[in-house]
Each structure stands twice: as C-alpha cells, then as structure tokens.
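Secondary and tertiary structure notes
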Protein chains: 2
Amino acid sequence: MKIPEATVLRLSIYSRYLKQLWEKGVTNVSSGEIAEGVNGTSAQVRKDLAYFGEFGTRGVGYKVRILDKQITEILGINNEWEVVIVGAGNLGSALTHYKGFKERRFNIQAVFDNDENKIGSKINDVLVYSITDMDNFIKENDIQIGIVAVPATYAQGVVDILIKAGIKSILNFAPTVISVPEHVEHRSVDLVVNLEVLTYNLVNKK
Amino acid sequence: MKIPEATVLRLSIYSRYLKQLWEKGVTNVSSGEIAEGVNGTSAQVRKDLAYFGEFGTRGVGYKVRILDKQITEILGINNEWEVVIVGAGNLGSALTHYKGFKERRFNIQAVFDNDENKIGSKINDVLVYSITDMDNFIKENDIQIGIVAVPATYAQGVVDILIKAGIKSILNFAPTVISVPEHVEHRSVDLVVNLEVLTYNLVNKK
DNA sequence: GACTGTGAAGCCATTCACAGCT
DNA sequence: AGCTGTGAATGGCTTCACAGTC
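Summary of the structure given here. Counting restarts for each chain: residues are numbered from 1 in the order of the written sequence. Lettering of chains starts at A and numbering of ligands starts at 1, both following the order in which they are written. Reporting of local features is limited, given that this is a predicted model, to residues whose pLDDT is at least 70; pairs of side-chain atoms are given and counted only at 80 or more, and all residues count toward the totals for whole chains, interfaces and linings. As a convention, hydrogens and water are excluded, and side-chain values are obtained from all of the structure's heavy atoms.

1. Description of the overall build of chain A
Defined as follows: Note on conventions: DSSP H or I runs of at least 4 residues are helices, E runs of at least 2 residues are strands, and numbering of each starts at the N terminus. Note on exposure labels: buried denotes an accessible area under 20% of the residue type's maximum, exposed denotes more than 50%, and partly exposed covers the range between, all computed with a 1.4 Å probe on protein chains only. Residues count as neighbours in contact if any of their non-hydrogen atoms are within 4.5 Å of one another.
Per the secondary structure count, chain A includes nine helices and nine strands. The principal-axis extent of the C-alpha atoms belonging to chain A is close to 60 × 45 × 35 Å. When the 206 residues of chain A are sorted by exposure, 50% land in the buried category. Intrachain contacts of chain A at a sequence separation of at least 6 include 56% that bridge at least 24 residues.

2. Section: the packing of helix 2 (residues 31-38) of chain B against helix 3 (residues 42-50) of chain B
Residues and elements named next belong to chain B. Put simply, the rule reads: Between N-to-C directions, angles span 0 to 180 degrees; the directions come from axes that are lines fitted to C-alpha atoms, helices contributing only their stretch in contact. In this scheme, roughly parallel covers angles under 35 degrees and roughly antiparallel covers those over 145, while 65 to 115 is roughly perpendicular and the rest are oblique. All amino acids are sorted into three groups, where Ala, Val, Leu, Ile, Met, Phe, Trp, Tyr, Cys and Pro are nonpolar, Asp, Glu, Lys and Arg are charged, and the leftover types, Gly among them, are polar.
Contact pair helix 2 / helix 3: the axes reach a minimum separation of 8 Å and the direction vectors enclose 105°. Between helix 2 and helix 3, the crossing angle belongs to the class labelled roughly perpendicular. Of helix 3, the residues touching helix 2 (which contributes Ser 31, Gly 32, Ile 34 and Ala 35) are Ser 42, Val 45 and Arg 46. A class-by-class count of the residues in the contact of helix 2 with helix 3 yields three nonpolar, three polar and one charged.

3. Some remarks on the nonpolar core
This is how it is decided: Here, nonpolar core means buried Ala, Val, Leu, Ile, Met, Phe, Trp, Tyr and Cys residues that are tied together by side-chain atoms lying within 4.5 Å of each other.
One finds A:Leu95, A:Phe101, A:Ile147, B:Leu95 and B:Phe101 to be the most contacted residues of the largest nonpolar core, which totals 100 residues. Sequence-distant contacts of B:Leu95, defined by excluding residues within four places in its chain, comprise A:Leu191, B:Ile85, B:Phe101, B:Ile108, B:Ile147, B:Ala149 and B:Phe173.

4. With respect to the protein's contact with DNA strand D
Applicable threshold: Think of it this way: one heavy atom of a residue within 4 Å of a molecule or strand is enough to make that residue near it. Pairs of N or O atoms within 3.5 Å make up the polar contacts considered here, provided that, within protein, one atom can donate a hydrogen while the other can accept it, and that residues adjacent in sequence are counted only when both atoms are side-chain atoms.
Within the structure, DNA strand D sits among 25 residues, and A:Arg10, B:Ser31, B:Arg46, B:Gly59 and B:Tyr62 are positioned closest to it. Interatomic distance of 3.1 Å between a backbone N/O atom of B:Phe55 and a phosphate oxygen of DNA strand D. Mapped by element, the contributors of at least two residues to the surface near DNA strand D are helix 1 (5-23) and helix 3 (42-50) of chain A together with helix 3 of chain B. At three residues, helix 3 of chain A tops the list of elements feeding residues into the surface near DNA strand D. A breakdown of the residues in the surface near DNA strand D according to their chemical character gives six nonpolar, 10 polar and nine charged.

5. Here's the deal with the sheet that holds strand 8 (residues 169-172) of chain A
Filter applied, for reference: Pairing between two strands requires that DSSP report at least two bridges joining them.
Sheet architecture is open: seven strands sit in the order 5-6-4-3-7-8-9 (chain A), paired in mixed fashion. With one partner strand each, in any of the chains shown, strand 5 (122-123) and strand 9 (185-188) of chain A form the two edges of the open sheet.

6. What to know about the packing of helix 1 of chain A against helix 4 (residues 64-75) of chain A
Each pair of packed helices can be described by the angle between their axes along with the distance between the axes. Residue and element names in this part refer to chain A. Test applied: What makes a crossing left-handed is the near helix being turned counterclockwise from the far one by less than a right angle; a clockwise turn instead makes it right-handed.
In contact at an axis separation of 9 Å, helix 1 and helix 4 are set at 145° when each is read in the N-to-C sense. Judged by the sense of rotation from one axis to the other, the crossing of helix 1 with helix 4 is left-handed. Residues Val 8, Leu 11, Ser 12, Tyr 14, Ser 15, Leu 18, Lys 19, Leu 21 and Trp 22 of helix 1 pack against Val 64, Arg 65, Leu 67, Asp 68, Ile 71, Thr 72, Ile 74 and Leu 75 of helix 4. Residue composition of the contact of helix 1 with helix 4, grouped by class: 11 nonpolar, three polar and three charged.

7. A closer look at the interface of chain B and chain A
What counts is decided by this rule: The term buried area means the drop in 1.4 Å probe accessible area that two parts suffer when joined, counted for both and summed. When a carboxyl oxygen of Asp or Glu lies within 4 Å of a side-chain nitrogen of Lys or Arg, that pair is called a salt bridge.
In this complex, chain B contributes 56 residues to the contact, which on the side of chain A involves 57 residues. Where chain B abuts chain A, roughly 5,400 Å² becomes buried across the two surfaces, and 69% of that area is made up of carbon and sulfur atoms. Summed over the shared surface of chain B and chain A, the result is four salt bridges. Across the salt bridge formed by B:Glu196 and A:Arg104, the nearest N and O atoms sit 2.7 Å from each other. For the interface between chain B and chain A, the tally reads 20 residue pairs in polar contact (both at pLDDT 80 or more). The leading source of residues in the side of chain B that touches chain A is helix 9 (residues 191-203) of chain B, at 13 residues. Considered class by class, the residues forming the side of chain B that touches chain A number 33 nonpolar, 15 polar and eight charged.

8. Considering the protein's contact with DNA strand C
Taken together, 24 residues form the shell around DNA strand C, and within it A:Ser31, A:Arg46, A:Arg58, A:Gly59 and A:Tyr62 come nearest. What you see for DNA strand C is that sugar and phosphate hold 64% of its atoms within 4 Å of the protein. Contact distances for DNA strand C include 2.8 Å between a base nitrogen and a side-chain N or O atom of A:Arg46. A distance of 3.0 Å separates a phosphate oxygen of DNA strand C from a polar side-chain atom of B:Arg10. Here the surface near DNA strand C is built from residues that sort into six nonpolar, nine polar and nine charged.

9. Let's talk about the pairing of strand 8 of chain A
Residues and elements named next belong to chain A. What counts here: Looking down the strands as they point away from the viewer, one classifies a crossover as right-handed if the path from the first strand across the helix to the second runs clockwise.
Neither face of strand 8 is exposed, since Ser 169 and Leu 171 on one face and Ile 170 and Asn 172 on the opposite face are all buried. Judged from the four bridges that link them, strand 7 (residues 145-148) and strand 8 form a sheet pairing that is parallel. Residue pairing across strands places Val 148 opposite Asn 172, the latter belonging to strand 8. Remark: the strand 7/helix 8 (residues 152-164)/strand 8 crossover connection has right-handed handedness. Relative to strand 9, strand 8 runs parallel, the two being bridged by four bridges.

10. So, the relation of the copies chain B and chain A
Basically, it comes down to this: When the copies are superposed, the least-squares fit draws on C-alpha atoms of residues that have pLDDT of at least 70 in both.
Laying chain B over chain A is done by rotating through 180° and shifting 0.0 Å along the axis; what remains is an RMSD of 0.0 Å. What we have between these two chains is a two-fold relation. Residue B:Ala94, judged by its C-alpha, is the member of chain B lying nearest the rotation axis, at 3.2 Å. Both copies present the same face, since 100% of the interface residues in chain B are matched by interface residues at the equivalent positions in chain A.

11. Quick notes on the side chain of A:Thr7
All names here are of chain A. As for its placement among the helices and strands, Thr 7 is situated in helix 1. Looking at Thr 7, the relative accessible area reads 1%, which means it is buried. Apart from the residues within four sequence positions on either side, Thr 7 is in contact with Asp 48, Tyr 51 and Phe 52.

Distances and angles like these do not, on their own, reveal function.
This is the structure:
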C-alpha cells in the first residue's frame, strides 16, 4: 500500500514523543493524547498507525513502549545506520557534533573535505578524510547514508561521487537542487527556502 | 485565493534558479527549462506562477530578470529582514556563519545564549548577548524573525520569550514540537526526522 | 463510557489537455 | 510552430462519523 510521506514524517515525531512519555513514566496513551503532544488530531494519529496494523486496544488506547517499538521498526531504526558527512565547514562540523543523530543510532563514521588543513584532524572524535578517499571508505565500511554539507557549487560533484560509491540515501543541505538516479533516495533541507516561506506568510499575512 | 504551501516553497527555488540563469547571461526562459533546472514539470511551474499573475508571453516564455523580480516581491524578500538566532552552540554558530542568509538579505542582528563564557564574544561579527537581554533587543531593534537553535528541553521556553517580545515568525531547529499562538508563523526543520524518512524508504524500498 | 479502526466524504494539490496569443 | 494560461480531471491526504471492542 502507498503510504503518504507526511505519515512517515509524523511517525518519526510520534516516536520521539512516545520516548519522552516513557521516560516520564507514562505507560499508556490514547490517540488524543498523542495528538495533543505533537499538535495533530486524534483521527490523524489513528489513521497514520492504521496503515501499518492494529497497535491499540479499543476502548483503552496504546501501550507506550510497545507502540514505540512498532514505529521504530516501521521506520527502520531498530538497527543502526552508518553515515558520512561531506563538508567540514561550519555546517558539517555542527552536524558532526549534533547529539540527536547518535541518540537515534545514526553513526557518523567519517567526515570528508578537500581542505588540507582540516584533513587528519578530528571533529567530535570523528576523523576528517580527504574527499579523494571517500569512494573507498564508503565501499569498505558499507556506508548507507551520505549527508552533503558543502557549498552549492560543489554539491552535485559530491553527490556524483557518493552515488558512484554506492551510497543508498543522501540528505542534502546545500542550497541547490541535486540530481540523483531513481534508485537513490534523497531529501533536501533548505534553510533559505524555509525562511522565505516565513516571509511570504508574513507579507501575505495569511 | 488560497495558495498551496508547496507552491510557495517552489517559488523560492525558482527564484534561486533564475538568479543563477541571469548570472550565466540567460535572459529568456520557458517553463520547461525552469522545470528542468529544478526537477519539476512545466505545467507545475506555469500553475505556480499563474496563482499570482501573468508573467510570461505566450509563444515566447518569461524574461528571467523580470520574473525573478516578481517572485522576489511575492515572497516578500524585496526588502530586508531582521533576524536573531537563539543558541550559540554548534548549530547556532553554523547558522550565524551561513552565507546564504545574507545573500538573500536576511540580516542576523544578534545571537543569544545563557552561557556566561559565550556572552560578549562575537560569532562572524555578530555579538552574543545574554538571553535575559533578548526581550529588550527584539523590541528595540524591531526584529521580525527568530531562529531557535537550542536543545529540545529549552526550546519552548525560548519560544515563549520570543513571542512575548513580539516576534512575528519562528524557525525552529530544536528536535521537538513547539507551541505558538495563531498569529505567530512558525516552521520546524527537524534533522532527525529527515534522516528517518530516508531509512523508512530504504527499509521499505519504495 | 471510552477509545480504536476504518469506509466514506471532503478538501487540496498536481497533472492533463487545449484554447489563446505571438 | 512554440509556449503560456487555465478549466477540468485526476490523484492523494485529511477529516468525519460511526461500527466495533474492551
């Protein structure tokens, strides 16, 4: 069955919220309570979950721990993922430090850059390699995800190397549209575009 | 008329692409060419633009410069916007260095943090202030946009201060759902959620 | 009584296909 | 002939409302 992308996105948010609840000692939860926690609606929570099975009990609700485990499995984050970051500039460095990745079991295995002064140094205990080593590293360490944090002009070149090396997914932070073949998954996080949607809404005070 | 959010998002991307074309010396462009440049379809480009007026010439196409000017105006980025960043950690620091903001005339006027060691220092020529000064600063300098780059646990607290100070829009990077009143615009950029959509698609090899 | 699961309805966005202009 | 602008058709997502279960 075709699952809306928006549903997948929300599942990730539900999962994080459920973890929070569990840490607070909450063991049972209703779709309405989840909805409240994530600024959604109870019908949507139920519909999102219903795509994948029946995880709750009618009249009762959901068990926090079990539901989170189910979602975690759906999202494919019950096991670990090996990640590399391309670009050791400010953004690449910040992403390498970002604690949220390790918490969700995304392991940053290497950073790549073309700046001689950075190669060989460490960022948050992760070694910085030359871009020329990237192809080899990805193949030898079975890296599945590449995060692109280089200037727009270099982005497509970097992406091409990642793809040739057999990467499966790309998360692009460069402010440009990148081209990837069918079989490679990719998403772009565009900081300026996000700001410009805000200004649009301000100017056209919706 | 109600404009799809996806349309606004794409307008920002068209604008960047048009600027690129102009710098390459291209003066005229068709909807098909724009579509190719941004991985879209020509019908969608035309429909997106048609929401706002008739900017092209039938049988001919669009004038690059003029079209970009129109889009720029629609997005409200023909004038400058004053921005503050909350959080002087790795992410806040990277955002303060980010060149893409200034290029699009978003001016970062201040960074706020609660770490005594950071207050008074400069990040990329921008002064770091105490969070306790934030309310005042926003009011006195007529700041319209606040970027939140603090840990999840502090995010809502920071957001509340921003709102009380009269901020109009918030771009949130904290990995948590934030609550804001109706009249304040906000968007969240969630790094982990983006990665988890990738893993979902890998595991469920769509 | 409370809450889930779900078909149906409603709403929104994208794509189609063609009339209209140059 | 080439390309825009746009109503109509399609497809996809969200909301509604209620039957089913505890």
